Amino acid sequence: MTDRTLRLQEILLEWGTTHRRQLPWRENRHPYHILVAETMLTQTQVGRVTRYYQDFLSRFPTPFVLAESSAPEVLESWVGLGYNRRALRLRQCAQVLVEEHDGLVPDVQETLRSLPGVGAYTANAILAQAFNKDVSAVDTNARRVLVRAFVGQPMTQVALQIRADSLVPHGRSWEWTQAIFDLGALICRVKPSCDRCPLAADCLFDGHGLDPYIPPRRQSTFAGSRRQYRGQIVRALAQGVQDKEELRRHTGLDADSFNSIYQELKNEGFFGTTETAPPGASNPSTSTLGGCTGTSHGTQHHMDSAAINYTEVYSVED
Ligand code: SF4
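Quick caveat, the model's predicted, so the values are computed rather than measured.

**A look at the overall build of the chain**
- Scanning the chain for helices and strands turns up 14 helices and two strands.
- Put simply, the chain has 318 residues, and 36% of those count as buried.
- Restricting the contact set of the chain to residue pairs at least 6 apart, pairs at least 24 apart contribute 64%.

So, in structure tokens, the structure goes:
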């Protein structure tokens, strides 16, 4: 490691200790808590996650509780956070943890990667923050800091991961991870504030000229997007709306567009369709969130087990 790299490393660690953001998932290093936090933080801003994180953990404090809960209960705690599939995957993940790992989050990357919803980034984030392993969690904030300050040129994800892992100060990955996240979030933003950056003297990019950080493609606009309509349907289901036509009216979509999204959600296990209509029932398209019927008037789940349709299939892919 060069003197310049060692200096950057030392300065960043020092800066990190004095400028660390107080975030609820930094209060302890419990692997399950980190798993929940990192799942929530995927593609979601920190400020938004802080509003959900503690409530979620209060309701599902352990993998055992989460594994035993119903899909509607989990979705109810997630609605508003977005990307609701993450909630179903997290529940699946808890079930695997209970069934195969005694309810413990593993500390081996390959085993973590085999869990539902856990990709390369999340596995590294858990290893670095919960188990203090010498690996780097490279999210977009970290990527900016790494390529600008330490690398000085664009790099593929695989190459950057190798380089990033080599930069982790031995035994200090938790501190290192927080420092990089914080610098990327507070100073080395897309438009960097180099004039107040502690790394400015040794950084390989001074904020001018060709930026080695290439931003990921922007997400399509949320308003009017498929994601927005999916969220509307899931929210309506969580509020107990059962009737398919009423769900469609919630979205304001035409029948074809609605059916396409409805079927997609159904395939992913968000709700089932009652197989046998109860006596007197006439609407064959009554829907149930995650296999659980909602109240017909709409503000609350009807959790009576006799009304639950157990045909739910959670086939959400990673
Ligand atoms: S000097 Fe500028 S480009 Fe370099 S790490 Fe700091 S903010 Fe980012």
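**A few points about the site of the ligand**
- Residues in close proximity to the ligand total 14 residues, the closest being C188, P192, C194, C197 and C203.
- Of the residues that constitute the shell around the ligand, the class distribution is 11 nonpolar, two polar and one charged.

**A closer look at the packing of helix α9 (residues 140–151) against helix α10 (residues 157–167)**
- Where α9 contacts α10, the axes come no closer than 11 Å and their chain directions differ by 75°. Compared by their axis directions, α9 and α10 come out roughly perpendicular. The segment α9 lies against α10, with R143, L146, V147, F150 and V151 engaging L160, R163, A164 and L167.
- Residue classes in the contact of α9 with α10 are distributed as seven nonpolar, no polar and two charged.

**Quick notes on helix α14 (residues 255–267)**
- Given a rise of 1.5 Å per residue, 13 residues ought to cover 18 Å, and the 18 Å separating the end C-alpha atoms of α14 matches this to within 8%.
- Residues F258, Y262 and L265 constitute the buried set of α14. Along the axis of α14, the buried residues cluster in a sector spanning 65°; they form a single face. Across α14 from its buried face, at more than 90 degrees, point the exposed residues D256, S260, Q263 and N267.

**Looking at the nonpolar core**
- Core analysis: the biggest nonpolar cluster contains 71 residues, and V36, Y53, I126, L146 and I233 have the highest contact counts within it.
- Residues within four places of V36 in sequence aside, it is in contact with Y53, F56, L57 and L90.

**Digging into the environment of G82**
- Here G82 lies in the loop between α5 (71–78) and α6 (85–101).
- Look at G82 and you get partly exposed, because 19 C-beta atoms sit within 10 Å.
- Between the C-alpha atom of G82 and that of V234, which follows or precedes it by 152 residues, the distance is 10.0 Å.

**Digging into the environment of G269**
- Here G269 is to be found in the loop between α14 and β1 (271–273).
- Here G269 falls in the partly exposed class, since 19 other C-beta atoms lie within 10 Å of it.
- The sequence separation of G269 and L88 amounts to 181 residues, and the corresponding C-alpha distance is 8.5 Å.

**Here's the deal with the confidence of the model for the chain**
- Residues at a pLDDT of 70 or more form 83% of the chain, whose mean pLDDT is 83.
- Ranking the elements of the chain by mean pLDDT puts strand β2 (residues 287–289) last with 53 and helix α4 (residues 63–68) first with 98.
- Below a pLDDT of 50 lies the segment residues 273–286, which in the model reaches 11 contacts outside its immediate sequence neighbourhood of four places, other chains included.

**Topic: α9**
- Among the 12 residues that make up α9, 11 are buried, leaving the element largely enclosed by the rest of the structure.
- The set of residues buried in α9 consists of N141, A142, R143, R144, V145, L146, V147, R148, A149, F150 and V151.
- Where the residues of α9 are buried, they touch α1 (3–19), α10 and α11 (173–186).
- A positive phi of about 85° marks G152, the residue just after α9.

**Topic: the environment of I261**
- Its place among the elements puts I261 in helix α14.
- Overall, I261 belongs to the partly exposed group, with 19 C-beta atoms counted inside 10 Å.
- Considering only alpha carbons, one finds I261 and R227, 34 residues apart in sequence, at a separation of 9.3 Å.
- Among residues more than four places away in sequence, those in contact with I261 are R226, Y229, R230 and I233.

What counts as what
- Residues numbered from 1 in each chain as written.
- Predicted model: local features only at pLDDT ≥ 70, side-chain atom pairs only at ≥ 80, totals over all residues.
- Helix = DSSP H or I, 4+ residues; strand = E, 2+ residues; numbered from the N terminus.
- Buried ≥ 20, exposed ≤ 12 C-beta atoms within 10 Å, placed from the backbone.
- Contact = placed C-beta atoms within 7 Å.
- Near = placed C-beta within 6 Å.
- Nonpolar A, V, L, I, M, F, W, Y, C, P; charged D, E, K, R; others polar.
- Axes fitted to C-alpha atoms, helices over the stretch in contact; angles between N-to-C directions.
- Parallel < 35°, antiparallel > 145°, perpendicular 65-115°, else oblique.
- Expected span 1.5 Å × (residues − 1).
- Arc of directions from axis to C-beta.
- Core = buried A, V, L, I, M, F, W, Y, C linked by C-beta atoms within 7 Å.
- pLDDT = per-residue confidence, 0-100.

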